[in-house]
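Here is how the chains run, residue by residue.
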Amino acid sequence: MIFNVSQLLNDPIGSARQYPLDAEDSGLDSGIALRAGGSTTLLRTHQGIWGTISLSVDTQVSCSRCLNIYSVCLDLEIEEEFFRKSDIDEYDEFAETVIDDDNILDFSEIIRQYTIAGLPMKPLCELDCMGLCQLCGENLNKVDCICAQRNNIEPRWSNLLHLAQD
Ligand SMILES: [Zn+2]
Ligand SMILES: [Zn+2]
């Protein structure tokens, strides 16, 4: 997600360029994959470059109940102003919105941050995910363990249950 903005920095304020996003060559963090589509607009501002990017990413998360890894798709709308390294304080030199000395503007870190911020606090692989059995540790979405029956049902009901099942 890298753009060379040397030319745009020399253009008058208000100049804009639009770029389609290339899913093959996105240069994003491992674990974040770009879906097809999306676009970037770069606008020359008084102080730097205003970057607008809209894209969909796929990323892997772990279900908070059953710990299974599954894929989440997020639609991101990002707007940030980027500044030239020479125009900012030393303090900000390594911020994610810095255009480096080679006039490279890189969205990767911003996209990574928006992706993390966009993930649910308690991700669930399915809304009704059954989670793990607290006794035997089996994934209850896949296995029907008998721990619950063993512990919650009194023996006299157990017989009835068997009858009902038959
Ligand atoms: Zn789950
Ligand atoms: Zn169990």
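Residues numbered from 1 in each chain as written. Chains lettered and ligands numbered in written order. Predicted model: local features only at pLDDT ≥ 70, side-chain atom pairs only at ≥ 80, totals over all residues. Heavy atoms only, no water.

Participant: Would you explain the coordination of the zinc ion (ligand 1) in this entry?
Facilitator: Four donors placed tetrahedrally about a metal ideally form angles of 109.5 degrees, and six donors placed octahedrally ideally form angles of 90 or 180 degrees. Taken together, C63 (SG), C66 (SG), C125 (SG) and C129 (SG) make up the full set of protein donors to the zinc ion (ligand 1), lying 2.3 to 2.4 Å away. Taken together, the 4 donor atoms surrounding the zinc ion (ligand 1) define angles of 106 to 114° at the centre, an arrangement classified as tetrahedral. (Donors = N, O, S within 2.8 Å, 3.2 Å for Na, K, Ca; no water. Tetrahedral: all angles 85-135°; square planar, octahedral: opposite > 155°, others 65-115°.)

Participant: What am I meant to see in the environment of L21 here?
Facilitator: With respect to the element layout, L21 can be found in the loop between β2 (16-20) and β3 (32-34). Judged by its relative accessible area of 11%, L21 falls in the buried class. Sequence separation of L21 and L34 is 13 residues, and the distance between their C-alpha atoms is 8.7 Å. (Helix = DSSP H or I, 4+ residues; strand = E, 2+ residues; numbered from the N terminus. Buried < 20%, exposed > 50% of the residue type's maximum accessible area, 1.4 Å probe, protein only.)

Participant: Looking at this structure, how should I read the coordination of the zinc ion (ligand 2)?
Facilitator: Within the protein, the zinc ion (ligand 2) binds to C133 (SG), C136 (SG), C145 (SG) and C147 (SG); these donor distances fall in the range 2.3 Å. Geometry at the zinc ion (ligand 2) is tetrahedral, judged from its 4 donor atoms and the angles of 105 to 112° they form at the metal. Along the chain, the residues that donate to the zinc ion (ligand 2) are spaced as C-x2-C-x8-C-x1-C.

Participant: Mind showing me how you'd approach the pairing of strand β6 (residues 69-84) here?
Facilitator: In the case of a regular strand, side chains alternate between the two sheet surfaces. Where strand β5 (residues 48-62) and β6 come together, 15 bridges link them in antiparallel fashion. Its bridge partner being in β6, T52 is matched across the sheet by E79. Count of turn residues in the β5/β6 antiparallel hairpin: 6 residues, of which L67 carries a positive phi of about 70°. As defined by bridge partners, β6 adjoins strand β7 (residues 98-99) across 2 bridges and the pair is classed as parallel. Residue pairing for β7: F83 is matched across the bridge by V98. (Pairing = 2+ DSSP bridges.)

Participant: Explain the pattern of salt bridges here, please?
Facilitator: If the charged atoms of two oppositely charged side chains come close together, the side chains can form a pair. Inspection of the entire model under this criterion finds 3 salt bridges. A salt bridge links D87 to R84; the shortest N-O distance between them is 3.3 Å. (Salt bridge = Lys/Arg side-chain N within 4 Å of Asp/Glu carboxyl O.)

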